[in-house]
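Descriptive analysis of the structure
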Amino acid sequence: MDDEVAKTLGELERKLLELEQTLSALGGEQSGEPAPPPVQPAADSREPPPPPVQPGVDPGEPPPPVHHGSDPREPPPPPVQPAAEPPTEHIHGRIVDETIEPPSAGRPGYQRAARVPQPSTQPAELPASPRANAQARSQTPPPPAAPPTAAELLRFRERLEQAARELTHDYDELLGRLSFAAVPVTSGPTISFARGAPSLDIIDVEALRDAAVRAFESDPAGATAYGTSVGYPRLRSWIADKHGVEPERVLVTNGSMQADAFLFEHLVRPGDEVIVERPSYDRTLLSLRQRGARLHPVELQPDGIDTDVLARLLGSGPGARPKLAHIIPNFQNPAGYTLSLDKRRALLELAREHDFVVFEDDPYVELRFSGESLPTMLSMDPERVVYASSFSKTICPGTRVGYLVGPPDLIGAIAQLATNTYISPNMLAQAIVYEFCASGAIERSIETVKEALAERAETLARALRSELPEAQFVPPQGGYFLWVKLPPEADVAALYHAAAERGVSFVKGTDFVLDGGENTLRLAYSGVTPAQIETGVARLAEAYRSL
């Protein structure tokens, strides 16, 4: 570790000197003078270095006259004034006026060393002949150097910014190495099971680029305009055709989270009761609680929400009177479970009997890699169900394009809310998504993603069985997530920190429930390769054994 720190500190010193020289060059560029030469540390930093000795010249004799240009009669230029002291550098809020001396052998760490004096840039006065002096008196002094051009200033700014970026990167890397100096367990970047997003290798970047070109070629006015709050018309029609509904039932939004927020804003008032799954997506729970909703969590089973428990909750005593039930039916986040067809029918029957809306939040529906596809609840009861989905999981998260499908009157009311919120969503992103879908690239993208997810889910399940047999889980049939239950006495909060020390991250199960869940965690396998999964699970098991 000392060698690593010494190497990085040496690089940091070099970058500091480069930045100092770049800043010093500012005076030279603005005055027309050349920048001073790089500073070379002297053997004794307290003494300035002697001036350089020219070959064939006796140091004890005065230097010979120097002629400029082809005419030896031309007078010498006026003495060059030394450049002003460069401004003091500021790095991460610190004033840096000293260089950093890298650690030497047997002396770990680092210490400050005094700045090495710079040699004078003013040359010795040169003797001149009487004739030259007379000519100098008779001639008009040369005009002052022209101010720097805009191009020169831009070039200087680019050099300065590049040096600052390199310096900041090295400084941050040094801090990171020092902060992990006491954790010798592992090295390298963190293996993250925390983020539910696809890795870059399974995103069809070329097809997205081609879709963007077509969007500008086929409809530049529509792609670049504000549009209306219901979304890009061509994509809206494509979504309507996909679900077999009229376009008036579709509203395209900036991601499915925006669709959720609009629906909650329209339907849920403080004190309203809402059915949620246990566990459920943490941001959904947060959004509903911020609106003052009274949440009724109902336990999830491997085949979805426990509809028998829900029926008892709705019918016991005064019973719950929900306005809404939020359900993630396919490859649920965080559990990875899928709502069975029988339970879909039972849930819709309860909704009709007790007069509440089923919010079918379905961003993972296209990502099934095993088992049989199931009909959406929207297709089973379009008047009772409001449906939401997203292109973030099938195309890429950066598109931020989602949508709602529901009864026309509800979609119309939410469209007005969207108008008051942002006038219109991102027309350019939606135009690109439309071209991607209409070209058939969406089907190819989905197949690529599903193939990768299937391999990663299988690798994760196999690694858990081998490295952490105490873990209980249900292998998913699609989606991004796997829910893990450890023995009741397990402390996942402590495991979280022990795993972080070994370069592994995940999300604690307590983030997805209103209470309990201390022995659970969520593992996302969408953004890690099979090799990373195997290494990450081995580290996770090691962290578990250390507790």
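All residue numbers refer to positions counted from 1 along the written sequence of the respective chain. Residue-level local features of this predicted model are given only where pLDDT is at least 70; pairs of side-chain atoms are given and counted only at 80 or more, and the full residue set underlies all totals for whole chains, interfaces and linings. Heavy atoms throughout the structure, all of them, feed into the side-chain values; hydrogens and water do not.

1. A short note on the overall build of the chain
To keep things clear, this is the line we draw: Runs of E in the DSSP output that reach at least two residues are strands. Runs of H or I that reach at least four are helices, and both are numbered from the N terminus. Think of it in three bands: residues with accessible area under 20% of the maximum for their type are buried, residues over 50% are exposed, and the middle band is partly exposed, with areas taken using a 1.4 Å probe on protein chains only. Two residues qualify as a contact provided that any one of their heavy atoms is within 4.5 Å of a heavy atom in the partner residue. Surface exposure here means Shrake-Rupley accessible area, sampled with a 1.4 Å probe, where a residue is shielded only by the protein chains that are shown.
The helix and strand tally for the chain stands at 16 helices and 17 strands. Sorting the 547 residues of the chain into buried and exposed places 43% on the buried side. Nonlocal contacts in the chain, meaning residues at least 24 apart in sequence, comprise 74% of its contacts between residues at least 6 apart. Of the roughly 28,400 Å² of accessible surface on the chain, 54% is carried by carbon and sulfur atoms.

2. Focus: the nonpolar core
Stated formally: We call a set of buried residues a nonpolar core when its members are Ala, Val, Leu, Ile, Met, Phe, Trp, Tyr or Cys and they connect through side-chain atoms within 4.5 Å of each other.
Core analysis: the largest hydrophobic core is formed by 56 residues, its most contacted members being L235, F391 and I395. With eight residues, helix 13 (residues 427-438) is the single largest residue contributor to this core. I395 has contacts with I203, L208, V433, F436, C437, I442 and S445, leaving out every residue within four places of it along the chain. Grouped together as the second largest cluster of nonpolar side chains are 42 residues, F331, L495, A541 and Y544 included.

3. Examining the environment of I442
In this structure, I442 sits in helix 14 (residues 441-467). Judged by relative accessible area, which is 5%, I442 ranks as buried. With 235 residues separating them in the primary sequence, I442 and A207 have C-alpha atoms 9.2 Å apart. Setting aside chain neighbours within four positions, we find I442 in contact with W238, T394, I395, F436 and C437.

4. A look at the pairing of strand 12 (residues 385-390)
Threshold: Paired strands are those between which DSSP finds at least two bridges.
The buried fraction of strand 12 is high, at six of six residues. Both faces of strand 12 are covered, namely the face carrying V385, Y387 and S389 and the face carrying V386, A388 and S390. Pairing between strand 11 (residues 357-361) and strand 12: four bridges, direction parallel. Note on strand 12: the bridge partner recorded for D361 is A388. Sheet topology places strand 12 next to strand 13 (residues 402-405); four bridges connect them, and they run antiparallel.

5. A closer look at the pattern of salt bridges
As a reminder of what qualifies: Salt bridges are identified by distance alone: a Lys or Arg side-chain nitrogen within 4 Å of an Asp or Glu carboxyl oxygen.
The full count for this structure, using the stated rule, is 19 salt bridges. Of the charged contacts in the structure, one is a salt bridge between D201 and R456, with a shortest N-O distance of 3.1 Å. Taken together, the positions of D201 in the loop between strand 5 (191-192) and helix 4 (205-218) and R456 in helix 14 put the pair 255 residues apart, joining distant regions of the chain. A relative accessible area of 3% means that R456 is categorised as buried. Across the pair D303 and K343 runs a salt bridge, and its minimum N-O distance is 2.7 Å. In this pair, D303 sits in the loop between strand 8 (294-301) and strand 9 (304-305) while K343 sits in helix 10 (residues 341-354), placing the two residues 40 residues apart along the sequence.

6. Some details on the side chain of H326
As a reminder, the rule being used: Within 3.5 Å is the distance limit for a polar contact, defined as a pair of N or O atoms, with the added protein rule that one can donate a hydrogen and the other accept it, and that residues adjacent in sequence qualify only through two side-chain atoms.
In this structure, H326 sits in strand 10 (residues 322-327). Of the residues examined, H326 reaches a relative accessible area of 0% and is grouped as buried. Of note is the side chain of H326, whose polar atom sits 3.0 Å from the side chain of D361. Residues within four places of H326 in sequence aside, it is in contact with F264, I275, V276, E277, S280, T284, F359 and D361.

7. Considerations on the sheet that holds strand 11
In plain terms, the rule: Lines fitted to C-alpha atoms define the axes here, with helix axes fitted over just the stretch in contact, and angles between the N-to-C directions of these axes take values from 0 to 180 degrees.
Spatially, eight strands are ordered 6-13-12-11-10-7-8-9 in an open sheet, and the strand pairing comes out mixed. Of all the strands in the sheet, the pair left with one neighbour each is strand 6 (250-253) and strand 9. With three bridges joining them, strand 7 (residues 273-278) and strand 10 adopt parallel strand pairing. Across the sheet, residue V274 finds its bridge partner in strand 10, namely L324. In the packing of helix 9 (residues 307-315) onto the sheet, contacts are made with strand 7, strand 8, strand 9 and strand 10, and the angle to strand 8 comes to roughly 150°. Along the sheet, helix 12 (residues 408-422) contacts strand 6, strand 12 and strand 13; its crossing angle with strand 6, the most-contacted strand, is approximately 25°.

8. Details of the sheet that holds strand 16 (residues 507-508)
Reading across the sheet, the three strands line up as 14-17-16 and stay open at both edges, with antiparallel pairing between neighbours. The outermost strands of the open sheet, each flanked by one partner alone, are strand 14 (481-485) and strand 16. Sheet topology places strand 16 next to strand 17 (residues 520-524); two bridges connect them, and they run antiparallel. Note on strand 17: the bridge partner recorded for K508 is L521.

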